[in-house]
Amino acid sequence: MAGSTGFAPTADRLPDRRRPLPTRIRTAVLPVYTGLVVMYLFLPIVVMAVFGFNDIQGRFNFTWQGFTLEHWANLFNRYPALNQSLFNSLTVAVISTLVATTFGTLIGLALTRYEFRGRGPLNLLIFLPIATPEIVLGASLLALFVSAGVSRDLTTITIAHIMFNISFVVVTVRARIAGFDRALEEAAMDLGADELTTFRKVTFPLIFPGILAAGLLAFALSIDDFVITQFTAGQTTTFPLWVYGASRIGVPPQVNVMGTLIFLIALVGIVLWVAFQRRDMTARPTTLER
Amino acid sequence: MITRRSLNPFAVVALVGALVLSACGISPEGSGEASTDPGTSQDPGASTGTDPGGEAVGGGEPEDSLNFANWPLYIDQDDDGNPVTIQDFEEATEIDVTYTESIEDNTSFFGTIQPALAGGEDTGYDIIVVTDWMIGNLARLGYLEKIDVERDIPNFVANADPVYLERSYDPGNQYSVPYQSGITGIAYNPELVDEEITSMAQLLDPELIEKYCGQIGMFIEMRDSMSFAMIHNGVNPSEATLEDAEAAQQTLLEQAPCVRGYYGNEYADDLANGSLAITMAWSGDVFQLQFDNPDLQFVVPEEGAILWTDNMAIPKGAEHPNAALAMMDYLYDPEVAAQVAEWVNYITPVPGAQEIILGHADDAAAEGDTETEEYLRAVAESPLVFPTQEMLDRLYSYKVLDEEEERQWNELFQEVVQG
Amino acid sequence: MTEWLRHHRGLIPYLFLVPGGLWLIAFFVLPLLTAVSVALQEGSLGTGYRLTFNFGIFPEAIARWDDQLVRSLQYGLIVTALTMLIGYPMAYTIAFRGGRYKNILLLFVIMPFFTSFIIRTISWKFILADQGFFLGTLKDIGILDQGFRLLATPVAVISGITYNFLPFVVLPLYVALERINPKLIEAAEDLYASRTQAFLRVTLPLSISGVFAGSLLSFIPAVGDYLNAELLGSRNTTMIGNVIQRLYLVNNDYPQASALSLILMLGILVSVFLYRRLLRGQELTI
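Bear in mind that the values here come from a model prediction, so they are computed numbers and not experimental data.

Quick look at the interface of chain A and chain C now. Listed as interface residues are 66 residues of chain A and, on the opposing side, 67 residues of chain C. Of all elements in the fold, only helix 1 (21-50), helix 3 (80-113), helix 4 (119-131), helix 5 (134-147), helix 6 (154-178), helix 8 (195-224), helix 10 (239-249) and helix 11 (253-279) of chain A reach the threshold of two or more residues within the side of chain A that touches chain C. Considering only residue class, the side of chain A that touches chain C consists of 54 nonpolar, eight polar and four charged.

Next comes the structure, spelled out in structure tokens:
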């Protein structure tokens, strides 16, 4: 809209070659800053990845002693307990994600599309777990399990994970469902579809990205959870718990390798998802603005 | 303002839940088969309390399998992480062993098996390895099976060092036999410390540590640090009273501003990377660290230090007690003990192992493998692995605390570590 | 079934709410109530606990651990301020200058968090080590004093917590900023507002919901954090989370631990409430 009011365009709307240097520097500040922050965010990841290749002689992995692929090679042989813990983490994450996403989406649908009593207390109920520090959540669950004489194991961990994930799913999904244009549903029904079909063919596919995002968030939260898990795990180990235990002795390079691997898998998944999204631009919800 | 509107279903359920719960408490431990009178205070160093379930287990054919819980890095491993001695045992006896390194800490491990024991159920483990004071606690609570060492662990009777036959926490070995021992002493880095460390005061006296402020390490394990302070104050830790504990707390509080941290096993990292100048340490760790950094020194201070013993015991209700006893007996064979000691580098209860390790060193020399020969000789000759009598005379044991004492000492110590 | 549903349309929302709602009640509300109950009990693991309605535990716990409570609040506030200062420009850049790369940049922000929290914190311990790669080199060159230390200081702990919660701040800020129609900013500038003025009077107020959400998502977990203090800190940086953890898992002092947990939660809720009031007040003056 340069020049629409009749005044001369301001300096940063000029095409590049005509912009004075000070302006160019000023404009570059924010992107450079962002780049620096991204580097800061990645620093520990890089360190972790690099030391997965360290050829250590003894127990200690803090000085560089040479390059080796050995830890990548015997990743799953060296520490059976590590494998078990990873398996436990994945199991809990998958189950808790599926259950919490289902429950949470249902609540999200109810909250945004229906009238009912008790909306206020329900909102409080959803918000409070997010507002409660993990240590309080974990410790109270421990108090409950101990009082009830329930022994702590994989089941109790899963129960806990489902609990905290529900809130996050609701919050994530709610925004997406709220932004959904009801006119589309009405159009479908005008064309003869009943409610269930409308839901299946119109509503659900359009809110699916939100559900997917919520599911991914829940999965990430569950896989990485430490505090709540520490309180509700009993003898079972999950990946973060194993790493914590190992850190007391000396973190083996296999942990670095596993962390790097998880990171790479997530990276690949995201790259694929972005590529998929690019193709699928038309699937965005229709709001006429922008 | 509570209106009819806000009294919705959720609130009602919550209120009902609250009322139901107010009736609940947490059931006491030890309320399983064998309960003890919680009111009695323990006579320090006395025999371990009540005698429930008097019959010793064992005396039968070993079962087909065995569940063995141990601390990490506490048995010899090959390069792939397989526990060699366990595998040898499996081959020799055809007993299938599930070996888990699930013990990180005595208290938290106890926390994980306590519910089963309190409920009179099988913990899932046949052998557990816990430190001497925990043996005392478990025995007192009736959570351990009695054993008959004469009948079922003849190798122990034949080969163990006599000092292990009358330990205060389990006199007569009614419940346990030692696995490995170790010394909690002082380690220091001569690159950072220009004098020789010989006394507790050089670790605990605020004036003496002033110049190393921020590079002092202590242990987060209450018994270790409190015992050290007591030794510094001239008290035998295994006979300490509450007043002694309070004095120890004072000592530790005065030292606290210069302490870099209260560590678990990870002190070894900070000692190795130069963050710590003087620290409490375990003999086995320092022995291993000395291979990377031969300058590191380990000292048993002149006032004394702690000799702790990790022991094997059979939890109550274990499914395979005979197999457990067979394993214990196997580990007391001097050849096996030597094999374990060569890797673990802590103090083996079998003095005969020393000869055997020297023998292995000679074999290695004959094969021209000087690296292994040097290593084995270092193990056999190190006072950290085979302590001299003079060192042993200076070493004390932890006190076996009863529940009230433990609570009091924990409270005192919490102020030291958390303020 | 669709017939039945159509007849009982009013019930549908309740049916949807039941699974999640019951779960939360059973495993969130009930545990909190249990914590209240346990806090009011007295006894020990050996003798058992009895509900004695010992309300005195609350003032006792506060008095005993006041330093740690205050410190946790302090650290929480500092972390929130830092994450906001670092995160806002970043979210702004992504939202307004990101163009086609918006999503990718956002993913860059989240990606480090696909590795375990513990591994990241341990990596920081390594990076900040006294004689490690960074500090060691600087000390050798002479820029830093040999006695200089980052680990086992409040700086390390706060940095660790800030690092861990930065994405939680950037994301809601981004969402709020992205919704702002850039034409509003243009309009402000057309009306003679300088860039700064346009930011302060148009962008910032419009993004306030993001600021609110982001600051909560960093403040709340920061106050209750204990891992960073444990791995990167020392005795003098003990936070209330460390105390609660030790009381539960080492001392087995369940009543005091539960009481402190509840006090912590209450403190946070009060802070959030006050904060919300504060921001509401701001909105009104614009």
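Our focus in this paragraph is helix 5 of chain A. Residues and elements named next belong to chain A. The terminal C-alpha atoms of helix 5 lie 20 Å apart, and with 14 residues this matches the ideal 20 Å at 1.5 Å per residue to within 8%. Burial within helix 5 is extensive, with 14 of its 14 residues counted as buried. Among the residues trailing helix 5, Gly149 stands out with phi positive, at a value near 70 degrees.

Moving on to the domain arrangement of chain B. All names here are of chain B. According to the domain assignment, chain B consists of domain 1 (65-181 + 309-350) and domain 2 (182-307 + 394-418). For domain 1 versus domain 2, the separation of C-alpha centres amounts to 27 Å. In this complex, domain 1 contributes 11 residues to the contact, which on the side of domain 2 involves 12 residues. When contributions to the side of domain 1 that touches domain 2 are tallied by element, the ones reaching two or more residues are helix 4 (132-140) and strand 4 (176-188). Top element by residues in the side of domain 1 that touches domain 2 is helix 4. It accounts for three residues. A class-by-class count of the residues in the side of domain 1 that touches domain 2 yields five nonpolar, five polar and one charged.

All names here are of chain C. At a closest axis distance of 7 Å, the pairing of helix 4 (residues 66-97) and helix 8 (residues 154-178) adopts a crossing angle of 45 degrees. Relative to helix 8, the element helix 4 is oriented oblique. The way helix 4 lies across helix 8 gives a crossing that is right-handed.

All right, on to helix 15 (residues 353-367) of chain B then. Residues and elements named next belong to chain B. For helix 15, with 15 residues, the first-to-last C-alpha span of 21 Å sits near the 21 Å given by 1.5 Å per residue. Residues of helix 15 that are buried include every one of Ala353, Ile356, Ile357, His360 and Ala361, and no others. Down the axis, helix 15 shows its buried residues gathered within 150 degrees of arc, on one side only. Summarising the geometry of helix 15, the exposed residues directed more than 90 degrees from the buried face are Glu355 and Ala366. Contacts made by the buried residues of helix 15 are with helix 14 (334-344) and helix 16 (370-381). Downstream of helix 15 by one or two residues, Gly368 has phi in the positive range, about 85 degrees.

What counts and what doesn't
- Residues numbered from 1 in each chain as written.
- Chains lettered and ligands numbered in written order.
- Predicted model: local features only at pLDDT ≥ 70, side-chain atom pairs only at ≥ 80, totals over all residues.
- Contact = placed C-beta atoms within 7 Å.
- Helix = DSSP H or I, 4+ residues; strand = E, 2+ residues; numbered from the N terminus.
- Nonpolar A, V, L, I, M, F, W, Y, C, P; charged D, E, K, R; others polar.
- Expected span 1.5 Å × (residues − 1).
- Buried ≥ 20, exposed ≤ 12 C-beta atoms within 10 Å, placed from the backbone.
- Domains from an automatic or database assignment.
- Axes fitted to C-alpha atoms, helices over the stretch in contact; angles between N-to-C directions.
- Parallel < 35°, antiparallel > 145°, perpendicular 65-115°, else oblique.
- Left-handed = near helix turned anticlockwise from the far one by under 90°.
- Arc of directions from axis to C-beta.

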